[in-house]
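Architecture at a glance
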Amino acid sequence: MVVGESGLGKSTLVNSLFLTDLYPERTIPDAIAKTKQTVKLDASTVEIEERGVKLRLTVVDTPGFGDAIDNSDSFRAIIQYIDEQYERFLKDESGLNRRHIIDNRVHCCFYFVSPFGHGLKPLDIELMKKLHNKVNIVPVIAKSDVLTKKEIQKLKKRILEEINANGIKIYPLPDCDSDEDEDYKEQVKQLKEAVPFAVCGANQLLEVRGKKVRGRFYPWGVVEVENPEHCDFIKLRTMLITHMQDLQEVTQEVHYENYRSERLAKGVPVPKRTTSLPEHEKNAGSEKDRILLEKEAELKRMQDVIAKMQAQIQQQTP
């Protein structure tokens, strides 16, 4: 999921990451329309390949966030969408056939921060506080090509200070094992130091020194999107692809278990599956009773796992 105010280049960055045009028919609303605009969610599925590994991703954009004069209600659609995916997964997991569950949960949220301010806005802090126990937040400084290297480092430091001061938990990249490859250890170290990632996106191919590159022309030169000296675009893409498995595990073991234990603790019944069952399954009351007893017995164990994982995350968070 990508979240942030309009005009920060969310759609351009997504198109740059996946080398596609996910939003060919999108229209930009004028100022009058923006004052009344509500947050919508656009979900698009893409397939990417990196070093022979194919990934199928669903990208959820949030046009309209932060555009209205009164943004007090702009969180609702985003939080509701995340909860709905957990609810759907819980419903499928509580059914009799759990082998072919489609996982549509949000495993990563790129939160876009404006490069034009002096850190996080109150709106950013408020939404991050509402999201950090539900999803893995990865902060991103948008349109970083408007800043000098010194300004980027200053803004990164300020954002991290404000995140820590407000008790916001962002996604902590996992530590390397001692027997890991040295190149991999160095890569993870560089990724950790790059947070929040300062990125810029571009879909236009330009010719620079005889090579075709994606970038932007300026009077003083060209910004190359995939040049590590110019921005953190490559690092962000590497983080997403190489740590996709860990993002999914943290979602499953921490955020989903938080949601699941809260639901079970409140005693709210899981919605019944509407799929009609064969006659022999309808009569399998004892099997259902056994499953329910297993779920109840599992609740306490899961609460212990959640407490342990949250303690580990707090230790890893700088």
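Residues numbered from 1 in each chain as written. Predicted model: local features only at pLDDT ≥ 70, side-chain atom pairs only at ≥ 80, totals over all residues. Heavy atoms only, no water.

The protein chain has the name Septin-1 isoform X2 in an unreviewed UniProt entry, where Sipha flava is given as its organism.

**Some remarks on helix α8 (residues 244-266)**
To be explicit about the condition: Secondary structure elements follow DSSP: runs of H or I no shorter than four residues count as helices, runs of E no shorter than two count as strands, and numbering proceeds from the N terminus. In this analysis, the expected span of each helix is defined as 1.5 Å times one less than the number of residues it contains. Bend is computed residue by residue as the angle between axes fitted to the seven residues ending at the residue and the seven residues starting at it.
Taking 1.5 Å of rise per residue, the 23 residues of α8 would be expected to cover 33 Å, and the 32 Å separating its terminal C-alpha atoms lies within 8% of that figure. The principal kink in α8, of about 40 degrees, is found at E257.

**Thoughts on the UniProt feature "site: Important for dimerization" (unreviewed entry) in the protein chain**
Condition: UniProt positions are given in the numbering used here, feature names are shortened, and annotations may be inferred rather than shown by experiment.
UniProt's entry tags F116 with the feature "site: Important for dimerization" (unreviewed entry), counted in the numbering of this structure. Inspection of the secondary structure puts F116 in the loop between β4 (109-113) and α4 (122-131).

**A word on the packing of aromatic side chains**
Our working rule: A pair of aromatic rings is counted whenever rings of Phe, Tyr or Trp (Trp by its six-membered ring) have centres within 6.5 Å, and the orientation is called stacked for planes under 30 degrees apart, edge-to-face for over 60 and tilted otherwise. Three labels apply to residues, based on accessible area from a 1.4 Å probe with only protein chains included: buried if under 20% of the type maximum, exposed if over 50%, partly exposed otherwise in between. Counted as over-ring charges are cases with an Arg CZ or a Lys NZ within 6 Å of the ring centre that also lie within 35 degrees of the ring normal.
As enumerated under the stated definition, the model contains 4 aromatic pairs in all. Centroid distance Y86 to Y259: 5.5 Å. Interplanar angle 35 degrees. Geometry classified as tilted. Residue Y86 is located in helix α3 (residues 76-93), and its partner Y259 is located in helix α8; the two are separated by 173 residues in the primary sequence. Relative accessible area serves as the criterion here: at 14%, Y259 is assigned to the buried category. Put simply, the rings of Y86, F89, Y256 and Y259 touch in pairs and so form one group of aromatic residues. One residue, R105, lies across the ring of F89, its end atom 3.7 Å from the ring centre. The cationic tip of R105 hangs over the ring face of Y256; the distance from NZ or CZ to the ring centre is 5.0 Å.

**A few points about helix α7 (residues 233-242)**
Counting buried positions over the 10 residues of α7 gives 7, a clear majority of the element. Buried within α7 we find F233, L236, R237, T238, M239, L240 and I241.

**Regarding the sheet that holds strand β8 (residues 211-218)**
Spelled out, the test is: One requirement defines pairing of two strands: DSSP has to find at least two bridges between them. Convention adopted: a line fitted to C-alpha atoms gives each axis, helices being fitted over their contacting stretch, and angles between N-to-C directions are expressed from 0 to 180 degrees.
As summarised here, the arrangement of the 3 strands in space is β7-β8-β9, forming an open sheet in which the pairing is antiparallel. Taken across any chain shown, the strands that pair with only one partner, and hence form the sheet edges, are β7 (205-208) and β9 (221-224). Going from strand to strand, the sheet's axes swing by 70 degrees on average, the running direction of each strand aside. Here 4 bridges tie β8 to β9, and the two strands are oriented antiparallel to one another.

**Remarks on the confidence of the model for the protein chain**
Keep this limit in mind: Looking at any residue, its pLDDT shows the predictor's confidence there, from 0 to 100. In this description, contact between two residues means that some pair of their heavy atoms is separated by no more than 4.5 Å.
Across the protein chain, pLDDT averages 78, with 75% of residues at or above 70. Here residues 33-38 is a poorly scored stretch, pLDDT under 50, and it has 13 contacts once near neighbours within four places are set aside; other chains count. pLDDT under 50 marks residues 273-285. Its contacts with residues more than four places away, or in other chains, come to 8 contacts.

**Description of the side chain of D145**
Going by this rule: The sign given to each residue is positive for Lys and Arg and negative for Asp and Glu; His and the chain ends receive no count. In what follows, salt bridge is the name for a side-chain nitrogen of Lys or Arg lying within 4 Å of a carboxyl oxygen of Asp or Glu. In protein, a polar contact requires one atom able to donate a hydrogen and another able to accept it; more generally it is a pair of N or O atoms within 3.5 Å, and residues adjacent in sequence count only if both atoms are side-chain atoms.
For D145, the position within the fold is in the loop between β5 (137-141) and α5 (149-165). Buried within the structure, D145 lacks any salt-bridge partner; R216 is the closest side chain of opposite charge, at an N-O distance of 4.3 Å. Separated by 2.4 Å, the side chains of D145 and Y218 make a polar contact. Each residue touching D145, except ones within four places of it in the same chain, is listed here: C200, R216, Y218 and V223.

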